[in-house]
Amino acid sequence: MRNVVSFFIGLFLTAGVFAQTTWKSDKNHSQVSFAITHMGISEVEGTFNKFDATIVASEKDFSDAVFTVNIEMGSVDTHVEMRDNHLKSADFFDVEKFPNMVFKSNGIERVSKDHFKLKGNLTLHGVTKSVTLEMWYRGSVEGEKGIVTGFQFTGSLNRSDFNIGAEFPEMVLSDKVKIKMDAEFKKQ
């Protein structure tokens, strides 16, 4: 009997140590944005207004976390309706055919105390490529609605890698697109 009790106590303690926690993005305190150079002289910025992000982790410092982000491409917003409609068209995102962009991490490398390299697969415009993002863990706080944690993700991608805007040469639109996500996540 003693061995059975010891086994269950050990099992309970092990489950507590390795329990995975799920975190969901707080849409009111999160943003996904991008920037691209136009005509080599100015930067055009925009956001995606509809997205979901989830973290699943068992380590308190998120060093083993898996991040998943799903962005609705039709929610693009550059504050110019005509440009937004063009971006949604087959010339660029082709949202009727490819409504979502999805990122799922598959590895994290610590760079310094709160800075990491986040590796994963990005699926955009029907193409999946491996990408690496800079990740800054901004900390966690406990508020009246529970524990909230914050992250900032930055990086860049080449639109040509995803067959986006092939008819628009580098002198019109840079191939490089900067991406950024600032997000608060609530513990579930």
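Residues numbered from 1 in each chain as written. Predicted model: local features only at pLDDT ≥ 70, side-chain atom pairs only at ≥ 80, totals over all residues. Heavy atoms only, no water.

A.B. asks: Help me out: how do you make sense of the overall build of the protein in this one?
C.D. replies: The helix and strand inventory of the protein stands at 2 helices and 11 strands. Listing the helices and strands of the protein from first to last along the sequence gives α-β-β-β-β-β-β-α-β-β-β-β-β. Projected onto the principal axes, the alpha-carbon positions of the protein cover approximately 75 × 35 × 35 Å. For the protein, the residues scored as buried account for 35% of the 188 residues in total. If you sum the accessible surface of the protein, you get close to 11500 Å²; carbon and sulfur atoms cover 54% of it. For the protein, the centre of its 22 positive side-chain charges and the centre of its 25 negative side-chain charges are spaced 6 Å apart. (Helix = DSSP H or I, 4+ residues; strand = E, 2+ residues; numbered from the N terminus. Buried < 20%, exposed > 50% of the residue type's maximum accessible area, 1.4 Å probe, protein only. Areas by Shrake-Rupley, 256 points an atom, 1.4 Å probe, with all protein chains shown as cover. Lys, Arg positive; Asp, Glu negative; His and termini not counted. Charge placed at Lys NZ, Arg CZ, Asp CG, Glu CD.)

A.B. asks: Can you help me understand the side chain of Thr 47 in this one?
C.D. replies: Positionally, Thr 47 belongs in strand E3 (residues 42-48). Of the residues examined, Thr 47 reaches a relative accessible area of 15% and is grouped as buried. Engagement of the side chain of Thr 47 in a polar contact is seen with the side chain of Asn 49, the distance being 3.2 Å. (Polar contact = N/O pair within 3.5 Å; in protein donor to acceptor, adjacent residues only side chain to side chain.)

A.B. asks: Just to check I follow, could you spell out unusual backbone geometry for this structure?
C.D. replies: In the Ramachandran plot, Asp 94 falls in the positive-phi region, its phi being about 50 degrees despite a non-glycine side chain. Note on placement: Asp 94 falls in the loop between helix H2 (81-88) and strand E7 (100-112). Although it is not a glycine, Asn 163 sits at a positive phi angle of roughly 55 degrees. Residue placement: Asn 163 occurs in the loop between strand E10 (146-158) and strand E11 (173-187). Residue classification places Asn 163 among the partly exposed positions, given a relative accessible area of 49%.

A.B. asks: It is not clear to me how the nonpolar core should be interpreted in this structure. Could you clarify?
C.D. replies: One recurring pattern in soluble globular proteins: nonpolar side chains tend to sit buried together. Core analysis: the largest hydrophobic core is formed by 42 residues, its most contacted members being Phe 48, Ile 55, Phe 93, Phe 151, Phe 153, Met 181 and Phe 185. Among all residues touching Phe 153, those that are not within four sequence positions of it are Phe 67, Leu 118, Leu 133, Glu 134, Met 135, Ile 179, Lys 180, Met 181 and Phe 185. (Core = buried A, V, L, I, M, F, W, Y, C linked by side-chain atoms within 4.5 Å. Contact = heavy atoms within 4.5 Å.)

A.B. asks: Would you mind going over the confidence of the model for the protein with me for this structure?
C.D. replies: For any part of a model where pLDDT is low, the fine detail of the predicted coordinates should not be relied upon. Mean pLDDT over the protein stands at 91; residues scoring 70 or higher make up 90%. Counting contacts from residues 4-17, a segment whose pLDDT is below 50, to residues more than four positions away or on other chains yields 1 contact. (pLDDT = per-residue confidence, 0-100.)

A.B. asks: Just to check I follow, could you spell out the packing of aromatic side chains for this structure?
C.D. replies: Aromatic ring pairs are defined here through the distance separating the ring centres and the angle between the ring planes. Under the counting rule described, the total for this entry stands at 11 aromatic pairs. With centroids separated by 5.3 Å and ring planes inclined at 55 degrees, the aromatic side chains of Phe 62 and Tyr 137 adopt a geometry described as tilted. Residue Phe 62 is located in the loop between strand E4 (51-57) and strand E5 (66-72), and its partner Tyr 137 is located in strand E9 (residues 127-143); the two are separated by 75 residues in the primary sequence. Judged by relative accessible area, which is 2%, Phe 62 ranks as buried. According to the relative accessible area criterion, Tyr 137 is buried, its value standing at 12%. Aromatic ring contacts, followed pair by pair, group Trp 23, Phe 62, Phe 67, Tyr 137, Phe 151, Phe 153 and Phe 185 into a single cluster. (Phe/Tyr/Trp six-rings, centres within 6.5 Å; stacked < 30°, edge-to-face > 60°.)

A.B. asks: Teacher, can you tell me more about the environment of Arg 110 here?
C.D. replies: Looking at where Arg 110 falls in the secondary structure, it is placed in strand E7. The partly exposed category is assigned to Arg 110, whose relative accessible area is 40%. Setting aside anything within four residues of it in sequence, one finds Arg 110 in contact with Asp 61, Ser 63, His 115 and Phe 116. A polar side-chain atom of Arg 110 sits 2.3 Å from a polar atom in the side chain of Asp 61.

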